[in-house]
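Here is how the chains run, residue by residue.
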Amino acid sequence: ARDVNVVYHQGSNYAYSSGGATPPSTTFHDINQRYALASSGNATDVGEATNVLTNHGLTTDFPMTHGYGAGSQTSWPTYVGEITRFPFAASPGAIDSSDIGEMTDAVAQLGVGTDAVNNKGYIVGGIAGPAASQIDKIQTFTFAAPTTVTDSGEMASKVSQGTLHDNESYGW
């Protein structure tokens, strides 16, 4: 038999979003929303983000008790490098984000993911402000509050709007 550590990144009940912008992207929002995965229907306002924000990355810890956000834009061209956290178990209306740490740079349009094997978050690339230039940093953060963010290396090239995905061996 194969010894495999199976990691489920996405829950089976709900998905979450935080913030956003209304076209033409001049109105930013501070809302945390929850979507039911088992049925079709509209999202529900379940809490507040730490700021009005957009271009924000989200992930979860393992065993999926909290959602974590990284970076954002709070206005054009203001970039924020905060790590935020919100509880999944809180009642709708009380799923508010809290600022638990700072990234090494103020970045938006970044990739965020979970290393479920080692229980830490990863942040890759993004757009750093205020010059709005792409970066090639790889950052890791702990799922503790307050969190510690570490510059863990560089990507092969600068990138923005990237994504991260779990796998059985490495978790990101």
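Here is a short report on the structure shown in this document. Bear in mind the structure is a predicted one, so any value in this text is a computation, not a measurement. (Residues numbered from 1 in each chain as written. Predicted model: local features only at pLDDT ≥ 70, side-chain atom pairs only at ≥ 80, totals over all residues. Heavy atoms only, no water.)

Let's talk about the side chain of Thr54
Here's step 1: Among the structural elements, Thr54 can be located in the loop between β4 (44-53) and β5 (57-60).
Here's step 2: With relative accessibility at 9%, the residue Thr54 sits in the buried group.
Here's step 3: In contact with Thr54, other than residues within four places in its own chain, are Gly20, Ala21, Phe28, Ser72 and Gln73. (Helix = DSSP H or I, 4+ residues; strand = E, 2+ residues; numbered from the N terminus. Buried < 20%, exposed > 50% of the residue type's maximum accessible area, 1.4 Å probe, protein only. Contact = heavy atoms within 4.5 Å.)

Looking at a negative patch on the surface
Here's step 1: On the surface, Asp30, Asp45, Glu48 and Asp96 cluster together into a patch of negative charge.
Here's step 2: Among the secondary structure elements, Glu48 is positioned in strand β4. (Patch = residues over 30% accessible without salt bridge, like charges linked within 9 Å, V, L, I, M, F, W, Y side chains within 5 Å. Areas by Shrake-Rupley, 256 points an atom, 1.4 Å probe, with all protein chains shown as cover. Salt bridge = Lys/Arg side-chain N within 4 Å of Asp/Glu carboxyl O. Lys, Arg positive; Asp, Glu negative; His and termini not counted. Charge placed at Lys NZ, Arg CZ, Asp CG, Glu CD.)

A closer look at the sheet that holds strand β8 (residues 98-102)
Here's step 1: In spatial order, the strands read β5-β6-β7-β8; together these four strands make up an open sheet with antiparallel pairing. Strand pairing shows two members of the sheet lacking a second neighbour, β5 and β8, which therefore form its edges. The sheet shows a mean angle of 30 degrees between the axes of neighbouring strands, direction not considered.
Here's step 2: Bridge analysis of strand β6 (residues 66-75) against strand β7 (residues 78-87) gives eight bridges, and the strand direction is antiparallel. Among the inter-strand pairings, Gly69 is bridged to a residue of β7, identified as Thr84. (Pairing = 2+ DSSP bridges. Axes fitted to C-alpha atoms, helices over the stretch in contact; angles between N-to-C directions.)

Some points on the packing of aromatic side chains
Here's step 1: Inspection of every chain in the model, using the stated rule, returns six aromatic pairs.
Here's step 2: Judged by centre distance (5.5 Å) and plane angle (55 degrees), the ring pair of Tyr16 and Phe86 falls under tilted. Of this pair, Tyr16 sits in strand β1 (residues 14-18) while Phe86 sits in strand β7; the two residues are 70 residues apart in sequence, bridging distant segments of the chain. As far as burial versus exposure is concerned, Tyr16 and Phe86 are alike and both buried.
Here's step 3: Relative to Phe88, the ring of Phe86 has its centre 5.8 Å away and its plane inclined at 75 degrees; by these criteria the two rings are edge-to-face.
Here's step 4: Grouping aromatic residues by their ring pairs yields a cluster made of Tyr16, Phe86 and Phe88.
Here's step 5: Directly above the aromatic system of Tyr14 lies the positively charged group of Arg34, at a separation of 3.9 Å from the ring centroid. (Phe/Tyr/Trp six-rings, centres within 6.5 Å; stacked < 30°, edge-to-face > 60°. Lys NZ or Arg CZ within 6 Å of the ring centre and 35° of its normal.)

Remarks on the side chain of Lys137
Here's step 1: Tracing the sequence through the fold places Lys137 in strand β13 (residues 133-142).
Here's step 2: For Lys137, the side chain forms a polar contact with the side chain of Thr104, separated by 3.4 Å.
Here's step 3: Among the polar contacts made by the side chain of Lys137, one reaches the side chain of Asp105 at a distance of 2.5 Å.
Here's step 4: For Lys137, the contacting residues outside a window of four places in its chain are Thr104, Asp105, Ile123, Val124, Gly125, Asp151, Gly153 and Met155. (Polar contact = N/O pair within 3.5 Å; in protein donor to acceptor, adjacent residues only side chain to side chain.)

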